[in-house]
Structure formats: C-alpha cells, structure tokens
Amino acid sequence: MGSSGFSWKLNDHPKLPKGKIIGLVVLDGWGEAKPNQYNCIHIAETPAMDSLKMGAPEKWRLVKAHGKAVGLPTEDDMGNSEVGHNALGAGRIFAQGAKLVDLALASGKIYEGEGFNYIKESFETGTLHLIGLLSDGGVHSRLDQLQLLLKGASERGAKRIRVHVLTDGRDVLDGSSVGFVETLENDLAKLREKGVDAQIASGGGRMQVTMDRYENDWDVVKRGWDAQVLGEAPHKFKSAVEAIKKLREAPNANDQYLPPFVIVDDNGKAVGPIVDGDAVVTVNFRADRMVMLAKALEYDDFDKFDRVRFPKIRYAGMLQYDGELKLPSHYLVSPPEIDRTSGEYLVHNGIRTFACSETVKFGHVTFFWNGNRSGYFKQEMEEYVEIPSDSGITFNVQPKMKALEIAEKARDAILSRKFDQVRVNLPNSDMVGHTGDIEATIVACKAADDAVKVILVLEISSFFFLLLIIPFPENFKQ
Ligand SMILES: O=C(O)[C@@H](CO)OP(=O)(O)O
C-alpha cells in the first residue's frame, strides 16, 4: 500500500497478454487535420502510419491534447508537449502551471507566498528583474500574467523594474514580437508615470537566448547571461521596439532567432544589468526551458560557462521547475503535484522500462513523463537513453534529426527482451514544424514514419502511437 492508503498493485490488463512488450511511440507534433497544402503529414509519404491506421481502424483512436483535456485553463489553449506528456505519463489530468498562476494572480495569493516575500526584501534598495518569454502563446508564459505581476509588484513596493524579454515566433506568429514589445512598453510607460523606474533592459529570440533545454547548448544560456546579468551584447539600442524592428531587417530574420541585445542610456551604458542585492523572477511557468537558467542563477558551483560575475541576488521562479532538484528553491506559485505517475507504478510492479529520445525531447519521455521529476524511480528497472541532438543549427537544416537513431535504439531494446515497455519520442515533425519551413517539415514527417517502420518489429504485442494534436490558429500556417 502507498502511504495514503492506495495500492501500487496493477491489475492485469483485460486484453493485452501478460509478459509481452509494449511499444509506446510519441510522434511529437503529429495530428489529424483537414488535408491541404499546409498539412505536411498529409503531403508526406507515411506508409507505416497509414498501414497502422488502415489496417486496424477499430483500434485507431485520436487523443485530445489541448485545453482542459490536459489541464490548461480553457478549451482555447493550444496543447504543448509539457502538458501532453504530463497527462500521458500520469494517466490523469492535473491543473497545469498556466492555470495555477492564473488562480494565484486572481486571488492575490501569489503576493502572500514565501517566494514573493523573499524577493520583496530587495525592493527597497535593489532592482526587480523579470526574465521570460514575451507572447500570449500560453505554452511557456503569458503576457497578461507578466502585466499583472508588474502591476502587483509595483503596488507592493518595487521601485525599479527591468524586464528582459525573449521574443517568441514559435507559439505565436513570427513577426508578432514587435506588437508584444509595444504593449509592454506602454505598460512600463504607465508605471513610470506613477514614479516607478521601469524599463526593458535586454532581449533576444528564445532559440538564441536563454531558452535552451535539457543542456543541448549552453551557449544559448550564456548569450542570455551576458545580456541580462553582465549587460553585454553584440547589439545595443536605445529602445526595445527599435531593437526588434532593426534586427528583423536582417535577411531571414525570425523572432525565435533574434540575436541578443541590450538597451543602453545616452552614455551607451546598459540600463539594467543584474547586480548584488537585486531580485530576479523568471516568469515562465513551463519548466523545461527555464531549468538551465535557474541553475546558472542559483548554483554556487557551476561550470557550464564562465559567468564572469555571480551576483548575490534573491531569485525566484514563477514555479519550481524541477521537483527532484528543488530548483529553484524559491518560487511564486507551487507547481502541480503530479504524483503516482505510470512510471512509478511500473517499477512497483516489476515492469521494466526503456525510454529514449534525442536531447531536445529527452526530458519529454523522462522528466515530463514522470511528473516533472528528474532521474530514475528505480535504476535497476529502467534505462533512459539520450541521443545527442544537433546543436547550433536550426532544425530545418537537418529535418531527419535523430529519428533513425532513436528507432534503432528502440528496436534493439525490444529485441533484447530486457524491457516490458519501450517508450520513445520522435521529435521531427514538431521541431521542424515549428520552423515554419514546409519543405523541411514534409521531410521530417517522412523521417518519423521511416522510424516507425524500424520500430515495428514482430516481437512486440501492442503499440500505442500517440499523436500530440496541437491546433494552431488558421493563419499560423500561412
Ligand atoms: O519547443 C518548445 O518549447 C515547445 C513550443 O514552445 O514545443 P513542445 O511543446 O513541443 O516542446
């Protein structure tokens, strides 16, 4: 029995034979939508998936992966891999970070918690820095939450505020960052009218600056550190709107990949480096792309890049991003407590798991799957394999990514007969799809299908192919 009276014991499955291997393949970014010239899955040749669908239509199911089905605030919230993998791994629906932050802001509880009281100690003499993704995408952060936090913090004594913006163009339309920065500038101007010294201090595109994940490329975090903490960047501007407009003039410029910039005063001095005595809040609620920065901001022992300066700050995350590492140690809103996940049940029942993906999605089938928890439940019963992702290139350059390598590992794991569940994430269609490059995305979908073919070996008893369906606004496709 578990500590609260429940039992870890799993009953036999009514249909699946005992002792056979289960293949669990997440085709990240796949879904079903009406066929048109933007539907890359429809255009690509996908014989393996087609044969699974046509061969056993009675077994083909679509999984809803957006809105309330995955714990998001409303049906209009598009899905994403964090909430999808959390829900799949747990087999239950938990109110997700976006919703928990909404509730804490609406009730004002966010300002009563330990995290806010901790950072508040810096308000009298230090600056409050807010770092995060600036958009209304609702996947990693939301503009309206930032706006409320700015208002709430200034009403509670923050006199000097600096915002470090990360432009999106991935969960929202490319080019929309100018509008988001203008909106934020308006808000900050209103705060200035009320006597608060509030400004944007630095910025850059999310895939170039700060928001790397699973330690794929620490240079991304370093570029952010240089701009946000040291006040150094290759581009300097007097205003963030000017910065974005100017940087977007470069050929093939894209919000996701804008280079880092800092805002400087009339003497060319950065307006908002992070220094001793300041408070810092990372305003993203989603964990994966904040963990690396959180480590850089919090860990005394840190060797991933030369921080040059390690300011003594009060740092809080919007949420705690890693429950196992307890990182960061201070946070404004308690994260969803995703407990009793399927992985934990499996180890309690002697069922052995193999999980694999490439770096950019590795944590999806481990960390997110296990309820935002790093590490193994029981190492002797689990094996997690990470295939290093390409770094330093955009994903449309190598659209096949590591699909084949992942599939071969999965196949070998099945054939080894050492595991009962073999779980993989094939990230191509998602990662390449996010670049908006149609040709490359078609290649990516075909590569995912080729990988499925490799995994389809006879020794397996059942496959679950999970298509994460993420409805985008119609105009996103243009
Ligand atoms: O790349 C990411 O961070 C998100 C989109 O913001 O994609 P996914 O949810 O598929 O990981």
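Please refer to the structure higher up on the page.
Anyway, here's the lowdown on the structure attached to this text. (Residues numbered from 1 in each chain as written. Predicted model: local features only at pLDDT ≥ 70, side-chain atom pairs only at ≥ 80, totals over all residues.)

**Considering unusual backbone geometry**
Our working definition: To qualify as a helix, a DSSP run of H or I must reach at least 4 residues; to qualify as a strand, a run of E must reach at least 2; elements of each kind are numbered from the N terminus. Backbone-placed C-beta atoms define the burial measure: a residue is buried with 20 or more other C-beta atoms within 10 Å of its own, exposed with 12 or fewer, and partly exposed in between.
Residue leucine 327 is joined to proline 328 through a cis peptide bond whose omega torsion reads -10°. Here proline 328 shows up in the loop between strand 8 (314-319) and strand 9 (331-333). Phi at threonine 210 takes a positive value of approximately 75°, unusual for a residue other than glycine. Mapped onto the fold, threonine 210 is located in the loop between strand 4 (197-205) and helix 8 (218-230). We classify threonine 210 as buried; it has 30 C-beta atoms within 10 Å. Even without being glycine, methionine 401 reaches a positive phi, approximately 45°. Mapped onto the fold, methionine 401 is located in the loop between strand 11 (382-387) and helix 14 (403-416).

**Topic: the packing of helix 14 against helix 16 (residues 438-455)**
Our working definition: In this analysis an axis means a line fitted to C-alpha atoms, helices contributing only their contacting stretch, and an angle means the value between N-to-C directions, from 0 to 180 degrees. Roughly parallel means an angle under 35 degrees; roughly antiparallel means over 145; roughly perpendicular covers 65 to 115; every other angle is labelled oblique. Throughout, a crossing is termed right-handed when the near helix is turned clockwise from the far one, and left-handed when it is turned anticlockwise from it by less than a right angle. Here, residues touch in the contact sense if the C-beta positions derived from the backbone fall within 7 Å of one another. All residues other than Ala, Val, Leu, Ile, Met, Phe, Trp, Tyr, Cys, Pro, Asp, Glu, Lys and Arg, Gly among them, are scored as polar; the first ten of these are nonpolar and the last four charged.
Axis separation between helix 14 and helix 16 bottoms out at 8 Å; the angle between their running directions is 15°. Between helix 14 and helix 16, the angle is such that the two are roughly parallel. Classified by chirality, the crossing of helix 16 by helix 14 is right-handed. On helix 16, the residues that touch Ala403, Leu404, Ile406, Ala407, Glu408, Ala410 and Arg411 of helix 14 are Ala447, Ala448, Asp450, Ala451, Val454 and Ile455. Here the contact of helix 14 with helix 16 is built from residues that sort into 10 nonpolar, no polar and 3 charged.

**Things to note about the pairing of strand 2 (residues 128-134)**
The line we're drawing: Note on handedness: a crossover is taken as right-handed if, strands pointing away from the viewer, the path from the first strand over the helix to the second is clockwise. Should DSSP find at least two bridges between two strands, the strands are taken to pair.
Across the 7 residues that make up strand 2, a large majority, 7, are buried. Each parallel crossover has a hand, and for strand 2 linked through helix 6 (residues 143-155) to strand 3 (residues 160-167) it is right-handed. With 4 bridges joining them, strand 2 and strand 7 (residues 279-282) adopt parallel strand pairing. Of the residues in strand 7, the one forming a bridge with leucine 128 is alanine 279.

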